[in-house]
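Inside the fold
Letter by letter, the chains look like this.
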There are 2 protein chains.
Amino acid sequence: MDFTEKKVSSETVYKGKILNLRVDDVELPNGKITKREVVEHAGAVAVVPLDEKNELLLVRQYRYPVGKMLLEVPAGKLEKGEDPEACAVRELAEETGCRAKDMKLLFSFYSTPGFSNEKMYVYLARGLTYLGEHPDEDEFIEASPVPLQAALDLIDRGEICDAKSIIGILAVKREMDK
Amino acid sequence: MDFTEKKVSSETVYKGKILNLRVDDVELPNGKITKREVVEHAGAVAVVPLDEKNELLLVRQYRYPVGKMLLEVPAGKLEKGEDPEACAVRELAEETGCRAKDMKLLFSFYSTPGFSNEKMYVYLARGLTYLGEHPDEDEFIEASPVPLQAALDLIDRGEICDAKSIIGILAVKREMDK
């Protein structure tokens with residue numbers, strides 16, 4: 001069955017630094033017109049860095065929209081036209097100071113397809129070498145190693161609590177159990 | 001270390017049906033001022049309905065922001081002041097026609113804490129009874145049973161590709177393997 005919603009008109013409400021907001025009138029399959037609010041986002045990558053001791057490198061940073069520090073896998077948004085794997089290499093270096101010998105795509109997914117087109121690519125990074133940190137001067141991030149099992153416990157206790165980190169860590173656990 | 005970003009000023013750019021957009025000036029830990037774009041969202045629930053044959057009830061619907069049909073776990077946004085578990089019961093009934101004897105919270109997580117405060121609660125629903133569908137007349141959703149292993153394969157093939165469904169299905173798999 002075709003449930004496609006057809007765009008009738010579109011208004012860009014806001015154009016910003018990391019997102020744009022568009023409000024469209026769309027025609028539903030029953031012919032009715034309704035509004036759809038769409039947050040346009042360039043997409044992002046997340047990297048799960050796993051070392052030879054089965055420790056993950058996680059980063060702690062303040063997330064203003066939720067008003068607290070979160071412990072997450074390294075991540076960042078795609079620059080215009082940037083290849084997701086190149087972005088994963090860049091973000092891993094910026095946030096942890098590491099380079100990875102192997103970078104493997106685990107999943108790509110939509111964060112919240114009800115209101116945004118943000119697509120996220122999750123990589124597993126192995127064969128890590130520490131090169132030294134080069135964070136942006138306005139980025140405040142602390143990296144620290146967390147054993148894989150401890151990270152799973154942190155998920156169960158709700159202390160790792162963002163979508164990309166949960167997906168990345170559960171996926172790495174499955175990968176290890178294969 | 002305290003990485004808190006302090007609000008200096010705040011402007012509501014848009015107030016809508018499912019989201020508001022706010023642009024704040026914040027003070028970084030180094031004293032610099034920068035902008036933060038925040039999509040305010042009331043939060044949402046997702047429900048993984050698992051029957052006695054180890055089949056999941058999944059729903060197919062058109063997601064306008066990403067421009068395609070997605071196969072997902074049933075989900076919906078919280079009404080103002082609504083308890084997440086009550087919302088899970090309501091959305092399960094609306095989207096699949098089922099009532100669950102047991103509704104268990106698996107996780108709560110932030111969809112995309114870099115630009116939104118959306119918090120999502122994921123439930124496992126067991127002991128299902130079919131009561132008959134009562135969808136909203138403007139909701140176009142098709143429910144169908146999918147064996148758990150087939151759902152995991154669909155994740156690996158990228159055909160189930162939204163955060164809440166991946167998290168919910170991987171969590172149920174872990175729950176079953178315990």
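Throughout what follows, the structure given in this document is the object of discussion.

Criteria and thresholds
- Residues numbered from 1 in each chain as written.
- Chains lettered and ligands numbered in written order.
- Predicted model: local features only at pLDDT ≥ 70, side-chain atom pairs only at ≥ 80, totals over all residues.
- Heavy atoms only, no water.
- Least-squares fit on C-alpha atoms with pLDDT ≥ 70 in both.
- Contact = heavy atoms within 4.5 Å.
- Buried area = accessible area lost by both parts, 1.4 Å probe.
- Salt bridge = Lys/Arg side-chain N within 4 Å of Asp/Glu carboxyl O.
- Polar contact = N/O pair within 3.5 Å; in protein donor to acceptor, adjacent residues only side chain to side chain.
- Helix = DSSP H or I, 4+ residues; strand = E, 2+ residues; numbered from the N terminus.
- Nonpolar A, V, L, I, M, F, W, Y, C, P; charged D, E, K, R; others polar.
- Pairing = 2+ DSSP bridges.
- Phe/Tyr/Trp six-rings, centres within 6.5 Å; stacked < 30°, edge-to-face > 60°.
- Buried < 20%, exposed > 50% of the residue type's maximum accessible area, 1.4 Å probe, protein only.
- Expected span 1.5 Å × (residues − 1).
- Axes fitted to C-alpha atoms, helices over the stretch in contact; angles between N-to-C directions.

1. Describing the relation of the copies chain B and chain A
Each copy superposes on the other: chain B lies on chain A with an RMSD of 0.0 Å after a rotation of 180 degrees and an axial shift of 0.0 Å. These values place the two chain copies in the arrangement generated by a two-fold rotation axis. Most of the interface of chain B is mirrored in chain A, where 100% of its interface residues again form contacts.

2. Section: the interface of chain B and chain A
The interface of chain B with chain A comprises 66 residues on the first partner and 66 residues on the second. Both sides together, the interface formed by chain B and chain A hides about 6,000 Å², and carbon and sulfur atoms give 65% of it. Summed over the three residues of chain B that lose the most area to chain A, namely B:Phe3, B:Glu37 and B:Tyr64, the buried surface amounts to 13% of that side. At the surface where chain B touches chain A, the tally comes to 2 salt bridges. A:Asp156 is paired through a salt bridge with B:Arg174; the nearest N and O atoms lie 3.2 Å apart. Across the chain B-chain A interface, the total number found is 24 residue pairs in polar contact (both at pLDDT 80 or more). Top element by residues in the side of chain B that touches chain A is helix α3 (residues 163–177) of chain B. It accounts for 7 residues. Looking at the side of chain B that touches chain A residue by residue, the classes come out as 34 nonpolar, 11 polar and 21 charged.

3. Some thoughts on the pairing of strand β9 (residues 119–130) of chain A
Residue and element names in this part refer to chain A. Across 6 bridges, strand β4 (residues 44–49) lies against β9 in parallel orientation. Counterpart to Pro49 in the pairing with β9 is Ala125. Alignment of strand β8 (residues 98–110) against β9, held across 11 bridges, turns out to be antiparallel. When the bridges of β9 are listed, Ser108 appears paired with Tyr121.

4. What to know about the side chain of B:Asn20
All names here are of chain B. Along the chain, Asn20 turns up in strand β2 (residues 20–27). A distance of 3.2 Å separates a polar side-chain atom of Asn20 from the backbone nitrogen of Gly16. Look past the residues within four positions of Asn20 in its chain and what remains in contact with it is Tyr14, Lys15, Val38, Val39 and Glu40.

5. Section: the packing of aromatic side chains
Using the criterion set out here, one finds 2 aromatic pairs over all chains in the structure. Centroid distance A:Phe3 to B:Phe140: 6.0 Å. Interplanar angle 50 degrees. Geometry classified as tilted. Of this pair, A:Phe3 sits in the segment before β1 (6–15) while B:Phe140 sits in the loop between β9 (119–130) and β10 (141–147), on two different chains.

6. Section: the environment of A:Val73
Residue and element names in this part refer to chain A. Structurally, Val73 can be placed in the loop between β6 (68–72) and β7 (75–77). Residue class for Val73 comes out buried when judged on its relative accessible area of 0%. For the pair Val73 and Ala150, spaced 77 residues apart in the sequence, the C-alpha separation amounts to 14 Å. Once you skip the residues sitting within four places of it in the chain, Val73 turns out to touch Ala46, Val47, Val48, Leu58, Val59, Lys164, Ser165 and Ile169.

7. A closer look at α3(B)
With 15 residues, α3(B) should cover 21 Å at 1.5 Å per step; its first-to-last C-alpha distance of 21 Å lies within 8% of that length. When we look at burial in α3(B), the residues that qualify are B:Ala163, B:Lys164, B:Ser165, B:Ile166, B:Ile167, B:Gly168, B:Ile169, B:Leu170, B:Ala171 and B:Val172.

8. With respect to the sheet that holds β7(A)
Residue and element names in this part refer to chain A. Read from one edge of the open sheet, 4 strands run β7-β4-β9-β8, paired in mixed fashion. In this open sheet, the two strands that pair with only one neighbour each are β7 and β8. Between one strand axis and the next, the sheet turns through 25 degrees on average, direction left out of account. Relative to β7, β4 is paired through 3 bridges, and the arrangement is antiparallel. Looking across to β7, one finds that Ala44 is bridged to Lys77.

9. Some remarks on the sheet that holds strand β3 (residues 33–40) of chain A
Residue and element names in this part refer to chain A. Overall, antiparallel pairing links the 3 strands, which are arranged β1-β2-β3 in an open sheet. Of all the strands in the sheet, the pair left with one neighbour each is β1 and β3. Taken pair by pair, the neighbouring strands of this sheet meet at an average axis angle of 20 degrees, ignoring direction. Bridge count between strand β2 (residues 20–27) and β3: 8 bridges; the pairing is antiparallel. Paired with Glu27 across the two strands is Ile33, which belongs to β3.

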